[in-house]
Amino acid sequence: MKDRLRRFLNIDRRWLFLLLSVVMIWPIIHPSGIAGRTTQQSVKDFYDFIENLKENDFVILGVDYDPSIKPELQPQAVAALRHLFRRNVRVCILTFISGAPGLIEEIKQTVPQEAGKEYGKDYVVMAYNPNYMAAMTQMSIDFYKAYEKDAEGNTVKGMPVMKGINTYRDMAGVVEITGTGMLDAWVAYVGDKYNVPIIGGTTAISQLGYGPYLQNRQLLGLLGGMRGGSEYETLTGRKDKATSGIDALNLSHMLVIILILTSNIILLVLKEKN
Amino acid sequence: MLIIKKYIPLAIVMIVGLLTLATYYVPAKASQAYLSTLNQWEVIVSGFAFLLGLISLLMTHYKKIVRHEDGWGYSIFVFLGFLAVVIPGIISHGAQADNGTLTSLGWSFRYLYNPLASTMFAVLAFYIVSTAFRSFRIKSAQAFVLFIAAFILILGNVPAGQMLWDTLLGWTGCCSISDIIQWIMQVPSVAAKRGIMIGITIGAVVTSLKIIFGIERQYMGRD
Amino acid sequence: MENSLSVILGGWLSAGITIFLFSFLYKDNPLFKIAEHLYLGVGMGWWFIVLLYGTWIPKAYEPFMQGEYLLIIPVLLGISLVTQFIPRISWVSRYGFTFIMGYGAGLVLPLNLATDFMAQIGGTIKPFAAIASMSAGEFINYFLIAAGAVCVLTYFYFSVEHKGFIKKASNIGIYFLMIYFGASFGNTVMARFSLLYGRFDMLYDFSGARYAFATPVIILLTVCFFVYRHIADKKKAGITKTAKAE
């Protein structure tokens, strides 16, 4: 018995990999359909912020992630853009991450068409900028010195979407979706310094780190990982990739708990027998 | 020569550092103009910093191929990968879509860069289960506290876990698992993160001052 | 470009790369190494193109050609960085580096001080200003935040020997940190599995007729490759054994 337990504890980890694969693939083929029962306060705050924007307000949407964390953040960005469009808010999409322009292009090919929005009139996409500090501070002085041309090489000044926009003073806020420290940068360089409202979407790993900013209202709302994304999708009334994603994670989460408990119980049994 | 090699660069870091620092506290037109110029310059300079990584990578793999070092054949794929994006990029002038249709660069992004980058990170998920089974040991009171926090988050983050909690403990009328998660995130986590944050900031401020005054100069390399 | 052939080709390439990278979980192998090296090149190539068309041409080359000759300064500072690779003149790179460091340090210092230091201390104390209108629960929570933050800071404070009251405070700090790290682990599980879900979801998409059944066919071929290698390795081991015996 003891030897068996010991052998089980030293099981080839490839069996665990296989087990994880099975519990991840199964719900993709057969979704459980169990609905989430709660909404976090920070998600509600994120939703309410966009809901309370006025028609024709101007908002920056930062899409600062690359394909490595796309499954967590792309659903958040898509849902936020849909919500902003529904509120008839003008959107300026920016990025400081080199891997993001391709993902922005993916969003651009679907979301604006669905909402019937026109490029240059309702939204605009700026070119990748390698230095966020420089761009963020520059936009407080003169937006057009930070971004003279959009991602397609068109001159930005004079576009209908930019009407009346010169600095942060003319904007209603920033929605930053990122897995990097870019949200911290928006809070420090823009939110705190120029009194610009900031809301964000981030990976589950980074989510806890924003607690102090949320408590201080330096950050007005936050979506954390797939769960945050799915709760936000539910609030906006359009369930999409985050909702199906969180459904697929049900079994794998249970697996991790079972594995931690099993190994510790085995250790306890072995210790007692000794 | 020492002046050109050492003192002028040290003067640059000090002057640029102090002037940039001053712009925060002096919102005059001149300081805004200075910051505006420097912002424009910084974007260009930091763009070139990328070349350091690029040249270093390509040189390493070029040497491997030329010297026929172990695994040199794989190094060819570094160049193939590089060209598989750069050539389409130049052909399509950096545009990923043209009238809603993917350009060759857009195609390379979607079907080459996208799966490569995302799978590299997705592999890490497998090591989570391995860690959970082999390394997550509850041996002390502190480890037990860590486990409880992890357990609540893992369970409460998914709908099935929330349902399970409600089914097993709903009758008690006690708080839901989401309330507990909310409390963890809003109270003990905030306390811990705030402590870490303040500590890191003190370190960062000291380092920044050391850089500006030329005390910290490791980044300059050896004399 | 987006015709059915390019979609099928893309699906096969995408599924192939994904499966090759996952094959490392079974064991290290040439398919994984090819994909891994490809990643390095593709990543750098992508970054290069994005910088070329997003920064160097529109922010340096074009304005310079239109008469903004002062831009030669950042360009030269940028180019100076590359002298790192030429040992004889590598000191020239100090000009570029000192510019970047001076600018970064000067900009970061006051902002960090305001956002992550002053605002955090303020955020810890400020709630107690409304102590009269606070419920007991709120008071306990704000007290825990304040006491916890102080205890965590004590834990990181190494200038004083940890004994007596300091030790007690620092020990309490550890418990706050443990809750934070435990919760972080819980969220890390969700984050990592989300990424894996993304890849599996994509492989599932590529297993359909639209992509000419890319996923199942490539999985099958990869398994065949491993079986073939296994047999070949066994044979090789057998031959070596016989040769040694002889």
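See the structure shown above.
Every residue gets a number counted from 1 within its own chain, in the order that chain's sequence is written. Just so you know, chain letters begin at A and ligand numbers begin at 1, following the order they were written in. Only residues with pLDDT of at least 70 get local features here, since the model is predicted, and only at 80 or more are side-chain atom pairs given and counted; chain-wide, interface and lining totals rely on the full set of residues. Water and hydrogen atoms were dropped before computing side-chain values, which therefore reflect all heavy atoms in the structure.

## A look at the pairing of strand S4 (residues 173–178) of chain A
All names here are of chain A.
Turning to step 1, where the next piece is worked out: A large share of S4 lies buried, amounting to six of its six residues.
Turning to step 2, where the next piece is worked out: Summary of the burial criterion: residues with accessible area below 20% of their type's maximum are buried, those above 50% are exposed, and those between are partly exposed, where the area comes from a 1.4 Å probe applied to protein chains only. To qualify as a helix, a DSSP run of H or I must reach at least 4 residues; to qualify as a strand, a run of E must reach at least 2; elements of each kind are numbered from the N terminus. Taking every second residue as pointing to the same face, both faces of S4 are buried, with Gly173, Val175 and Ile177 on one and Val174, Glu176 and Thr178 on the other.
Turning to step 3, where the next piece is worked out: Taken together, the six bridges between strand S1 (residues 58–64) and S4 define a ladder with parallel strand orientation. The partner of Val63 across the bridge, within S4, is Ile177.
Turning to step 4, where the next piece is worked out: In this structure, S4 lies alongside strand S5 (residues 198–202), joined through five bridges in parallel fashion. Strand pairing is defined by DSSP finding a minimum of two bridges between the two strands.

## What about the packing of aromatic side chains?
Turning to step 1, where the next piece is worked out: Pairing of aromatic rings covers Phe, Tyr and the six-membered ring of Trp, with a centre-to-centre limit of 6.5 Å; geometry is then stacked below 30 degrees between planes, edge-to-face above 60, and tilted otherwise. By the definition in use, this model includes 40 aromatic pairs over all chains.
Turning to step 2, where the next piece is worked out: Taking the centre distance of 5.1 Å and the plane angle of 50° together, the rings of Phe50 of chain B and Trp47 of chain C count as tilted. Of this pair, Phe50 of chain B sits in helix H2 (residues 29–66) while Trp47 of chain C sits in helix H2 (residues 30–65), placing the two residues on different chains.
Turning to step 3, where the next piece is worked out: According to the relative accessible area criterion, Trp47 of chain C is partly exposed, its value standing at 34%.
Turning to step 4, where the next piece is worked out: For the ring pair Tyr155 of chain C and Phe156 of chain C, a centre distance of 5.3 Å and an interplane angle of 65° mean the geometry is edge-to-face.
Turning to step 5, where the next piece is worked out: By relative accessible area, which is 29% here, Tyr155 of chain C ends up partly exposed.
Turning to step 6, where the next piece is worked out: Judged by its relative accessible area of 37%, Phe156 of chain C falls in the partly exposed class.
Turning to step 7, where the next piece is worked out: One aromatic cluster in this structure is built from Phe96, Tyr132, Tyr168, Trp186, Tyr189 and Tyr194 of chain A.
Turning to step 8, where the next piece is worked out: Two conditions define a charge sitting above a ring: the NZ of Lys or the CZ of Arg must be within 6 Å of the ring centre, and it must be within 35 degrees of the ring normal. Across the ring face of Tyr119 of chain A, the terminal group of Lys108 of chain A is positioned such that the distance to the ring centre comes to 4.8 Å.

## Focus on the interface of chain B and chain C
Turning to step 1, where the next piece is worked out: Between chain B and chain C, the contact holds 114 residues from the first and 109 residues from the second.
Turning to step 2, where the next piece is worked out: Here chain B and chain C share an interface that buries about 10700 Å² over both sides, 81% of which is from carbon and sulfur atoms.
Turning to step 3, where the next piece is worked out: When a carboxyl oxygen of Asp or Glu is within 4 Å of a side-chain nitrogen of Lys or Arg, the pair counts as a salt bridge. Between chain B and chain C we count zero salt bridges in total.
Turning to step 4, where the next piece is worked out: Two N or O atoms count as a polar contact when they lie within 3.5 Å, although within protein this holds only if one can serve as hydrogen donor and the other as acceptor, and sequence-adjacent residues are included solely when both atoms are side-chain atoms. At the junction of chain B with chain C, the criterion picks out eleven residue pairs in polar contact (both at pLDDT 80 or more). Contacts were defined at the residue level, with two residues in contact if any of their heavy atoms lie within 4.5 Å. Each of two parts loses accessible area, computed with a 1.4 Å probe, when they are put together; buried area is these two losses added.

## Here's the deal with a nonpolar patch on the surface
All names here are of chain B.
Turning to step 1, where the next piece is worked out: Taken together, Met14, Ile15, Leu18, Leu19, Leu209, Phe213 and Ile215 make up a surface patch of nonpolar side chains, about 620 Å² in accessible area.
Turning to step 2, where the next piece is worked out: Take the nonpolar patch: its biggest share by element is four residues, from helix H1 (residues 2–25).
Turning to step 3, where the next piece is worked out: Along the chain, the position of Leu18 falls in helix H1.
Turning to step 4, where the next piece is worked out: Relative accessible area serves as the criterion here: at 35%, Leu18 is assigned to the partly exposed category. Patches here are clusters of residues that have more than 30% relative accessible area and form no salt bridge, with a 9 Å joining cutoff for like charges and a 5 Å cutoff for nonpolar side chains (Val, Leu, Ile, Met, Phe, Trp, Tyr). Every accessible area reported is derived by Shrake-Rupley at a probe size of 1.4 Å, with residue values counting cover from the shown protein chains alone.

## A word on the interface of chain C and chain A
Turning to step 1, where the next piece is worked out: Chain C puts 43 residues into the contact, and the matching count from chain A is 53 residues.
Turning to step 2, where the next piece is worked out: Interface area for chain C against chain A, summed over the two sides, is near 4000 Å², with a carbon-plus-sulfur share of 68%.
Turning to step 3, where the next piece is worked out: Here chain C is connected to chain A by two salt bridges.
Turning to step 4, where the next piece is worked out: In this structure, the salt-bridge partner of Lys241 of chain A is Asp201 of chain C, at a minimum N-O distance of 2.6 Å.
Turning to step 5, where the next piece is worked out: Applying the counting rule to chain C against chain A returns 16 residue pairs in polar contact (both at pLDDT 80 or more).
Turning to step 6, where the next piece is worked out: Ranked by residues supplied to the side of chain C that touches chain A, first place goes to helix H6 (residues 165–205) of chain C with 19 residues.
Turning to step 7, where the next piece is worked out: Three categories are distinguished: nonpolar for Ala, Val, Leu, Ile, Met, Phe, Trp, Tyr, Cys and Pro, charged for Asp, Glu, Lys and Arg, and polar for the others, with Gly belonging to the last. Split into classes, the residues belonging to the side of chain C that touches chain A amount to 26 nonpolar, eleven polar and six charged.

## A look at the pattern of salt bridges
Turning to step 1, where the next piece is worked out: Following the criterion strictly, the structure yields 16 salt bridges over all chains and no others.
Turning to step 2, where the next piece is worked out: Asp166 of chain B is the salt-bridge partner of Arg37 of chain A, the closest N and O atoms lying 3.1 Å from each other. On the criterion of chain membership, the pair formed by Arg37 of chain A in the loop between helix H2 (13–29) and helix H3 (41–51) and Asp166 of chain B in helix H7 (residues 159–169) is interchain, its members lying in two chains.
Turning to step 3, where the next piece is worked out: Exposure remark for Arg37 of chain A: the relative accessible area of 46% places this residue in the partly exposed category.
Turning to step 4, where the next piece is worked out: A salt bridge links Arg217 of chain A to Asp45 of chain A; its shortest N-O distance comes to 4.0 Å. Here Arg217 of chain A, found in the loop between helix H10 (211–215) and strand S6 (222–224), pairs with Asp45 of chain A, found in helix H3; they are 172 residues apart in sequence, far enough to count as distant.

## Comments concerning the environment of Ser75 of chain B
Turning to step 1, where the next piece is worked out: Locating Ser75 of chain B in the fold gives a position in helix H3 (residues 72–91).
Turning to step 2, where the next piece is worked out: Using a relative accessible area of 0% as the deciding quantity, one classes Ser75 of chain B as buried.
Turning to step 3, where the next piece is worked out: For the pair Ser75 of chain B and Leu58 of chain B, spaced 17 residues apart in sequence, the C-alpha to C-alpha distance is 9.1 Å.
Turning to step 4, where the next piece is worked out: In contact with Ser75 of chain B, other than residues within four places in its own chain, are His61, Lys64 and Ile65 of chain B together with His37 of chain C.

## Comments concerning the sheet that holds S6 of chain A
Adjacent strands of a sheet form backbone hydrogen bonds with each other and so pair up, either parallel or antiparallel.
Residue and element names in this part refer to chain A.
Turning to step 1, where the next piece is worked out: Reading across the sheet, the six strands line up as S3-S2-S1-S4-S5-S6 and stay open at both edges, with parallel pairing between neighbours. The open sheet has two edge strands with one neighbour each: strand S3 (123–125) and S6. Strand-to-strand twist across the sheet, computed as the mean angle between neighbouring axes with direction ignored, equals 15°.
Turning to step 2, where the next piece is worked out: As defined by bridge partners, S5 adjoins S6 across three bridges and the pair is classed as parallel. By the bridge assignment for S6, Gly200 is matched with Leu222. Here, axes are lines fitted to C-alpha atoms. For helices the fit covers the stretch in contact, and angles between N-to-C directions go from 0 to 180 degrees.

## Here we look at the packing of H3 of chain A against helix H4 (residues 70–86) of chain A
Residue and element names in this part refer to chain A.
Turning to step 1, where the next piece is worked out: Across the interface, H3 lies against H4 with an axial gap of 9 Å and an inter-helix angle of 30°. Classified by the interaxial angle, the pair formed by H3 and H4 is roughly parallel. Counting all contacts with H3, which are made through Phe46, Tyr47, Ile50 and Glu51, the residues of H4 involved are Ala80, His83, Leu84 and Arg86.
Turning to step 2, where the next piece is worked out: Per-class residue counts for the contact of H3 with H4 are five nonpolar, one polar and two charged. Angular relationships are summarised with four words: roughly parallel below 35 degrees, roughly antiparallel beyond 145, roughly perpendicular across 65 to 115, and oblique for the angles in between.

## Thoughts on empty space enclosed by the protein
Turning to step 1, where the next piece is worked out: Definitions used for this entry: grid spacing 1 Å over protein atoms alone; cavity, a set of points where a 1.4 Å probe fits but cannot get out; pocket, an open set with protein on both sides within 12 Å along at least 5 of 7 lines; lining residue, one with an atom within 4 Å of a point. Grid points are joined across faces, edges and corners, and a volume is the space filled by probe spheres set on the points. Under the definition given, this model contains two cavities of 30 Å³ or more.
Turning to step 2, where the next piece is worked out: Of the volumes computed, that of the largest cavity is approximately 50 Å³.
Turning to step 3, where the next piece is worked out: Gly102, Glu105, Glu106 and Gln109 of chain A together with Gln96, Leu102, Gly106, Phe109 and Arg110 of chain B are the residues that line the largest cavity.
Turning to step 4, where the next piece is worked out: When contributions to the lining of the largest cavity are tallied by element, the ones reaching two or more residues are helix H5 (100–115) of chain A together with helix H4 (104–122) of chain B.
Turning to step 5, where the next piece is worked out: Top contributing element to the lining of the largest cavity by residue count: H5 of chain A, with four residues.
Turning to step 6, where the next piece is worked out: Of the residues belonging to the lining of the largest cavity, the class tally is two nonpolar, four polar and three charged.
Turning to step 7, where the next piece is worked out: The space that makes up the second largest cavity amounts to roughly 30 Å³.

## Description of helix H7 (residues 214–245) of chain C
Turning to step 1, where the next piece is worked out: Over its 32 residues, H7 of chain C extends 46 Å from the first C-alpha to the last, a length consistent with the 46 Å expected when each residue adds 1.5 Å.
Turning to step 2, where the next piece is worked out: Buried-residue contacts for H7 of chain C involve helix H1 (4–22), H2 and H6 of chain C. To estimate the expected span of a helix, count its residues, drop one, and scale the result by 1.5 Å.

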